[in-house]
Amino acid sequence: MPAKSANGGVTISTGPQNPTARPRLAGYDPGAYFCEFLGHRQTSCAPHAGPVFDRLSGIDPAELTARARDAEQELYNLGITFTVYTERDAIDRILPFDVIPRVIPAAEWALLEAGVSQRVAAINAFLWDVYHDQQILKDGVVPADLVLGNKNYRKQMIGFDPPQKVYSHVCGIDLVRGGDGVYRVLEDNARTPSGVSYVIENRQMMMRAFPDLAEGLAIRDVGDYGRRLHQALTDIAPAGVDDPQCALLSPGVFNSAYFEHIFLSREMGTALVEGRDLLVENDRVYMRTTAGLAPLHAIYRRIDDDFLDPRTFRPDSLLGVPGLFEAYRKGNIGLANAIGTGVADDKAVYAYMPRIIRYYLDQDAILPNVETYICREPEGLKYTLDNIENLVVKPVGESGGYGILIGPRASRAEIEKTRAEVIADPSNFISQPMIDLSVCPTLLDGKIVPRHVDLRPFAITGKNTWVLPGGLTRVALREGSLVVNSSQGGGSKDTWVLA
Amino acid sequence: MSAPLLARYAECIFWMARYVERAENLARLIDVNEVFSHDRRGSHNWDAVIALNSDRERYIERHGERFAPELVIHFYCLDANNPTSIFSCVRAARENARALRPLISTEMWSHLNVFYNDLNAMRAQPLALGAVSKFCSKIKQAAQAHTGITEGTFYRDQGWYFYQIGKAIERADQTTRLVDIKYHALLPSLSDVGTDIDISQWNAVLRSAAGYHAYRRVHPRGMSPKSVSGFLVFNPLFPRSVVTCVRQVDSLLTELCTRYNLRSGHKAMERLDELRAALDSWTVDSVVNRGLHESLDFVQGQLIGVTDGIQRAFFGVDQDTPLAV
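*Asks:* So what about the overall build of chain A? Which residues, and what values?
*Replies:* Helices and strands together make up the secondary structure of chain A, namely 15 helices and 26 strands. Taken over C-alpha atoms, the radius of gyration comes to 23 Å for chain A, in line with the 23 Å a tight globule of 499 residues would show. Burial status across chain A gives 49% buried among its 499 residues.

Pasting the structure below:
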């Protein structure tokens, strides 16, 4: 049984209870960091990672590198890429892929699965409440102005009942482990979390390129995601429609996640539509097809709220579908995710999440938060300013790792710049202690070296919640870097959840 | 009842097929022109190639009146700024394929993606004259690989029909252009009649359409402008002849509309019927007497009309009222 730690989290014993001597990867040294393979300051491997560790040790690094290069070339050829547009060119890039998988033992995963499901249930309960009775605000558990004054709070959603009371049908929870090996939630992604296509493509790539590494291991399958997503869409289609038509709504080829949109529509066997392919007539949504206008019943939309419907939201949006919101309110079309979920994954609301879980579910959070200081609160602001050189300071509205100050790694000038910004607009910031993210062996320049990782599991919620047994392991490829975002030099790894 | 096909997909797949076909035809033409079309002083004459795509103005804009072989070759092979270059065709095919990735097979996409990326990498260096033939072979092979992959992997519902229709229309169009331009460019002056040059030029025309050997099976002896033109326009067994392609479009379109209960294809059908009726009533002699250029012009006009009809009927241009729900 996992032991409960003092801070309410759970310590996973990754180090061996009965260490058996295993050959170490030559020269691999995680130093003081928690290692996904070795645990904390261990010199021999944790049992769950042992077979992979041994096999890796048995492959000549030059061969490993050659196979890794082939794998990356294949990702490029298959167009598992995002496109960078410059003035002259459109350049395809792959998300750098590291061939050494991250391995998660079954017991550890069971806990993550329960923790993620709990979090998703709380997020959906919270969203229902803030768009209906607002009891949690009346009870003072979460400050009302934090929610009602949030730029992602959509007052158009007040009183609207989404099917199954679900708002965040696809949710990604970002997890990190610090030096103590405890998984903590770093961020919730309740709007349009991306990256799941890499989880599945990485797996297919690994099985093609490194079947020997996985030989004899019972690794849980990730291939069911498309079917589950399609089922969730079917669940939210208007009642009484047999064989509902579903589609994925994308902003189009210029979106950096366009590959994922392709991937998911292919997995689901549904059309990938853009705003121009859809039309609303009499509050019903239609697709323009070769046979004329065909009714559409549920949409997995990868367009932000703001751009979804120029009649209700931003009038200058060319990506959306005029009239879509009214069709939605009338119950004629299912939308995943619902509109207005951004208020739940706001970085300031995040700080209240343990209390939100307790409020709705009457449970302690299975996965604790990273300790967070809210600068809109006087004591949080004071603590942040007093300790800024030791803290990570984040603007609440940004994503993709932008605008973050990592105090211990920042220059005097950077610290002072952020300090001024925090003083000027405290409610736009939170701060957290710096987490020394866990590391995982990573192949770089022919050597296996420790690099920091995080983990984003994905949950799909229709009539029930299902957590994909795997997740996106992002890895910061630059030495010493703690920023795993793909826009900032991050790559990804396959994530093996053992059965 | 199978899944409805998004109008935009139908359009993309129609054009994807056309662009690959166009790239292949252009590669054939350049290759053959390079190898066979020397004039009597042994130099290349590229006028016909430039005329084929009505590119003269655009070419002159870029290069002035200098028709140096390496400039023309670059203009047609790898020039990203010339919309009628092979590179531009492949890029357009791949862009369409990108939008179609949820629909087409992974292998179709991946092949076009690699095809494009290879060409794009080749643009770093100018294409040497000595390498042109090899380049053209590569394009032809890649286009044929595309055709083969499509044949073997592409699911044959509505999208497949639009693909085949696009391909056949483009092929018919390319053949009419080839015959039209060459016939007039190569009409022998009195002193040339029956000389070796004349024959080698017509030889080249046939080879541009991959039709030399097939032609020889039908006409073991002799070669005249009329017989070559007649073969390329009317032969019902040659895969690139105008008649073969038009018949293909006709049966595909009929089958598409019947099988998927598409009721708005009649405009395209009407234009196609007119075209078929004309082709059925013509002979080589009547066409040449009436004026080959005018006849081929009529064919091209009808093909444009068919394309327009397909566009209006199926690509979402004129849709505003929902079907009965």
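Moving on, there is more to tell.
*Asks:* Got a sec to walk through the overall build of chain B? Specific residues and values, please.
*Replies:* Within chain B, the regular secondary structure consists of 15 helices and zero strands. In chain B, buried positions account for 48% of the 325 residues. Here the contacts in chain B between residues at least 6 apart in sequence split such that 71% fall between residues at least 24 apart.

*Asks:* Could you give an account of the pairing of strand β9 (residues 183-189) of chain A, with specific residues and numbers?
*Replies:* Residue and element names in this part refer to chain A. Where burial is concerned, most of β9 is hidden: six out of the seven residues are buried. Across six bridges, strand β8 (residues 170-177) lies against β9 in antiparallel orientation. Within the sheet, the bridge partner assigned to Arg 177 lies in β9 and is Tyr 183. Connecting β8 to the next strand, β9, in antiparallel fashion are five residues, including Gly 181 with a positive phi near 80°.

*Asks:* How would you sum up the nonpolar core? Please name residues and give values.
*Replies:* All names here are of chain B. With 239 residues, the main nonpolar core has Ile 13, Met 16, Ala 23, Ile 86 and Val 249 as its most contacted residues. Here the element with the most residues in this core is helix α1 (residues 7-36); it accounts for 17 residues. Those residues in contact with Ile 86 that sit more than four places away from it in its chain are Ala 23, Leu 26, Ala 27, Tyr 76, Cys 77 and Ile 139.

*Asks:* How would you summarise the domain arrangement of chain B if you had to cite specific residues and measurements?
*Replies:* Residue and element names in this part refer to chain B. Annotation of chain B at the domain level lists domain 1 (1-155) and domain 2 (157-318). One C-alpha centre belongs to domain 1, the other to domain 2; they are set 20 Å apart. Listed as interface residues are 30 residues of domain 1 and, on the opposing side, 29 residues of domain 2. Within the residue set of the side of domain 1 that touches domain 2, elements represented by two or more residues are α1 and α2 (47-52). With 18 residues, the single largest contributor to the side of domain 1 that touches domain 2 is α1.

*Asks:* I'd like a description of unusual backbone geometry, backed by residues and values.
*Replies:* Look at the link from A:Ala336 to A:Asn337: it is a cis peptide, with omega at -10°. Counting through the fold element by element, A:Asn337 comes out in the loop between β16 (334-336) and α12 (347-350). In this structure, A:Gln134 takes a positive phi of about 60° despite not being glycine. With respect to the helices and strands, the residue A:Gln134 is situated in the loop between α3 (106-130) and α4 (135-138). If you check the backbone angles, B:Asn261 has positive phi at about 55° while not being a glycine. Of note, B:Asn261 is situated in the loop between α12 (242-259) and α13 (266-281).

*Asks:* Explain the interface of chain A and chain B to me, and be specific about the residues and the numbers.
*Replies:* The interface is formed by 22 residues belonging to chain A together with 25 residues belonging to chain B. Of all the secondary-structure elements, those providing two or more residues to the side of chain A that touches chain B are α9 (258-268), β11 (271-273), β13 (284-289) and β14 (292-295) of chain A.

*Asks:* Lay out the sheet that holds β13(A) with the relevant residues and their values.
*Replies:* Residue and element names in this part refer to chain A. On the basis of which strands lie adjacent, the open sheet formed by three strands has the order β12-β13-β14 and antiparallel pairing. Of all strands in the sheet, those with a lone pairing partner are β12 (278-281) and β14, marking the two edges. Ignoring strand direction, the axes of neighbouring strands in this sheet form an average angle of 45°. Relative to β13, β12 is paired through four bridges, and the arrangement is antiparallel. Of the residues in β13, the one forming a bridge with Leu 279 is Tyr 286.

*Asks:* Any details on helix α6 (residues 196-209) of chain A? Residues and values, ideally.
*Replies:* Residues and elements named next belong to chain A. Compared with the 20 Å implied by 1.5 Å per residue over 14 residues, the 20 Å span of α6 between its first and last C-alpha is a close match. Counting buried positions along α6 yields 10 of 14 residues, so the element is predominantly enclosed. Turning to α6, its buried residues are Val 196, Ser 197, Tyr 198, Val 199, Ile 200, Glu 201, Asn 202, Arg 203, Met 205 and Met 206.

*Asks:* Requested: an account of the confidence of the model for chain B, with residues and values cited.
*Replies:* When pLDDT is averaged across chain B, the result is 88; 89% of the residues are at 70 or more. When the criterion is pLDDT under 50, residues 321-325 of chain B qualifies, and its contacts beyond four places in sequence or with other chains add up to six contacts.

*Asks:* With reference to specific residues and values, describe the sheet that holds β16(A).
*Replies:* All names here are of chain A. Spatially, four strands are ordered β11-β10-β15-β16 in an open sheet, and the strand pairing comes out parallel. Of all the strands in the sheet, the pair left with one neighbour each is β11 and β16. Adjacent strand axes in the sheet meet at a mean angle of 30° when their direction is disregarded. Bridge analysis of strand β10 (residues 246-249) against strand β15 (residues 298-301) gives four bridges, and the strand direction is parallel. Residue pairing in the sheet places Ala 247 in a bridge with Ile 299 of β15.

*Asks:* Give a detailed account of α9(A), specifying residues and quantitative values.
*Replies:* Residue and element names in this part refer to chain A. In terms of residue burial, α9 counts as a mostly covered element, since 10 of its 11 residues are buried. Those residues of α9 that are buried are in contact with β5 (81-85), α6, α8 (225-236), β10 and β11. Gly 269 occupies a position one or two residues after α9 and carries a positive phi of about 70°.

*Asks:* Which residues make up the pairing of β5(A), and what values do they have?
*Replies:* Residue and element names in this part refer to chain A. With five bridges joining them, β5 and strand β6 (residues 90-94) adopt antiparallel strand pairing. The residue bridging Phe 82 from the neighbouring strand is Arg 93, located in β6. Connecting β5 to the antiparallel partner β6 that follows it, the hairpin turn spans four residues.

*Asks:* Describe the packing of α12(B) against α13(B), and please don't skip the residues or the numbers.
*Replies:* Residue and element names in this part refer to chain B. For the pair α12 and α13, interaxial distance at closest approach is 10 Å and the crossing angle is 145°. Where α12 crosses over α13, the two elements pack in a sense that is left-handed. Residues Val 243, Val 246, Val 249, Asp 250 and Leu 253 of α12 touch α13, and the partners they reach there are Ala 268, Met 269, Leu 272, Leu 275, Arg 276 and Leu 279.

*Asks:* Can you break down the environment of B:Val90 residue by residue, with the values?
*Replies:* All names here are of chain B. Position of Val 90 among the secondary structure elements: in helix α5 (residues 86-99). Residues Val 90 and Asn 120, spaced 30 residues apart in sequence, show a C-alpha to C-alpha distance of 9.8 Å. Non-local contacts of Val 90, meaning those with residues more than four positions away in its chain, are made with Ala 23, Phe 115, Tyr 116 and Leu 119.

*Asks:* Let's hear about the packing of α3(A) against helix α13 (residues 353-361) of chain A: which residues, and what values?
*Replies:* Residues and elements named next belong to chain A. At a minimum axis distance of 9 Å, the contact between α3 and α13 shows a crossing angle of 80°. Overall, the two elements α3 and α13 adopt an arrangement that is roughly perpendicular. Two secondary-structure elements touch here, α3 through Gln 118, Ala 121, Ala 122, Ala 125 and Phe 126 and α13 through Met 353, Ile 356, Ile 357, Tyr 360 and Leu 361. Class assignment of the residues belonging to the contact of α3 with α13 gives a composition of nine nonpolar, one polar and no charged.

*Asks:* So what's going on with the environment of A:Leu361? Residues and values would help.
*Replies:* Residues and elements named next belong to chain A. Residue position: Leu 361 is located in helix α13. In this structure the C-alpha to C-alpha distance between Leu 361 and Pro 426, which are 65 residues apart in sequence, comes to 31 Å. Sequence-distant contacts of Leu 361, defined by excluding residues within four places in its chain, comprise Gln 118, Ala 121 and Ala 122.

*Asks:* Give a detailed account of the environment of B:Gly316, specifying residues and quantitative values.
*Replies:* With respect to the secondary-structure elements, B:Gly316 resides in the segment after α15 (292-314). Accessibility expressed as a C-beta count within 10 Å gives 23 for B:Gly316, which makes it buried. Between the alpha carbons of B:Gly316 and B:Glu170 there is a distance of 21 Å; along the sequence they are 146 residues apart. When near neighbours in sequence (up to four residues on either side) are disregarded, B:Gly316 contacts A:Arg288, B:Ala7 and B:Arg8.

*Asks:* I'd like to hear about the confidence of the model for chain A, residue by residue, with values.
*Replies:* Detailed conclusions should not be drawn from predicted coordinates in areas where pLDDT is low. Summing up the model confidence of chain A, the mean pLDDT is 90 and the portion of residues at 70 or higher is 93%. Across residues 1-23 of chain A the pLDDT falls below 50, and counting only partners more than four positions away or on other chains, this stretch makes 44 contacts in the model.

Basis of the calculations
- Residues numbered from 1 in each chain as written.
- Chains lettered and ligands numbered in written order.
- Predicted model: local features only at pLDDT ≥ 70, side-chain atom pairs only at ≥ 80, totals over all residues.
- Helix = DSSP H or I, 4+ residues; strand = E, 2+ residues; numbered from the N terminus.
- Rg over C-alpha atoms; globule rule 2.2 N^0.38 Å.
- Buried ≥ 20, exposed ≤ 12 C-beta atoms within 10 Å, placed from the backbone.
- Contact = placed C-beta atoms within 7 Å.
- Pairing = 2+ DSSP bridges.
- Core = buried A, V, L, I, M, F, W, Y, C linked by C-beta atoms within 7 Å.
- Domains from an automatic or database assignment.
- Axes fitted to C-alpha atoms, helices over the stretch in contact; angles between N-to-C directions.
- Expected span 1.5 Å × (residues − 1).
- pLDDT = per-residue confidence, 0-100.
- Left-handed = near helix turned anticlockwise from the far one by under 90°.
- Parallel < 35°, antiparallel > 145°, perpendicular 65-115°, else oblique.
- Nonpolar A, V, L, I, M, F, W, Y, C, P; charged D, E, K, R; others polar.

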